[in-house]
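The residues making up each chain are set out below.
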Amino acid sequence: MENLKERLLGILQEARPDIDFEKETALVSGKVLDSIDIVGLIGAIDDEFDIRIKPNFLKPQYFDSVDAMVGLLEKLDEE
């Protein structure tokens with residue numbers, strides 16, 4: 001999981017170096033990331049991890065923190 005988290009953090013920090021993703025736990029609900037950020041993030045995640053995030057997973061709870069996103073990636077990997 002650590003490698004997964006490190007890769008995800010790399011994507012996030014490249015997209016928004018102004019945010020401390022390791023500490024932030026309300027990325028979507030706290031409006032730290034906007035819809036444009038999320039669309040770009042989903043595209044980068046799809047490319048990096050060779051997955052497709054289905055519409056039913058496009059919910060704030062899956063993108064509010066790095067740990068939530070790691071959980072989502074693990075869940076998608078199991079499918």
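Calculation notes
Residues numbered from 1 in each chain as written. Predicted model: local features only at pLDDT ≥ 70, side-chain atom pairs only at ≥ 80, totals over all residues. Heavy atoms only, no water. Helix = DSSP H or I, 4+ residues; strand = E, 2+ residues; numbered from the N terminus. Rg over C-alpha atoms; globule rule 2.2 N^0.38 Å. Buried < 20%, exposed > 50% of the residue type's maximum accessible area, 1.4 Å probe, protein only. Contact = heavy atoms within 4.5 Å. Areas by Shrake-Rupley, 256 points an atom, 1.4 Å probe, with all protein chains shown as cover. Salt bridge = Lys/Arg side-chain N within 4 Å of Asp/Glu carboxyl O.

Chemist: Describe in detail the overall build of the protein chain, supporting the description with residues and values.
Modeler: A count of helical and extended segments in the protein chain gives 3 helices and 0 strands. Ordered by position in the sequence, the α and β elements of the protein chain form the string α-α-α. Whereas a compact globule of 79 residues would reach a radius of gyration of roughly 12 Å, the protein chain reaches 11 Å, a difference of no more than 12%. Referenced to the eigenvectors of the C-alpha coordinate spread, the extents of the protein chain come out at roughly 30 × 25 × 20 Å. Relative to its full complement of 79 residues, the protein chain shows a buried share of 37%. Long-range contacts, defined as pairs at least 24 residues apart, comprise 53% of the intrachain contacts of the protein chain with a sequence gap of at least 6. Roughly 5000 Å² of accessible area belongs to the protein chain as shown, and the carbon and sulfur atoms make up 49% of that amount.

Chemist: Explain the pattern of salt bridges residue by residue, including any values.
Modeler: Following the criterion strictly, the structure yields 5 salt bridges and no others. The salt bridge partner of aspartate 18 is arginine 16, with a shortest N-O separation of 2.8 Å. Among the salt bridges present, the one from aspartate 46 reaches arginine 52, with a minimum N-O distance of 3.7 Å. On the accessibility criterion, arginine 52 (54% relative accessible area) is exposed. Each of Arg16, Asp18 and Asp37 takes part in a single network of salt bridges with overlapping partners.

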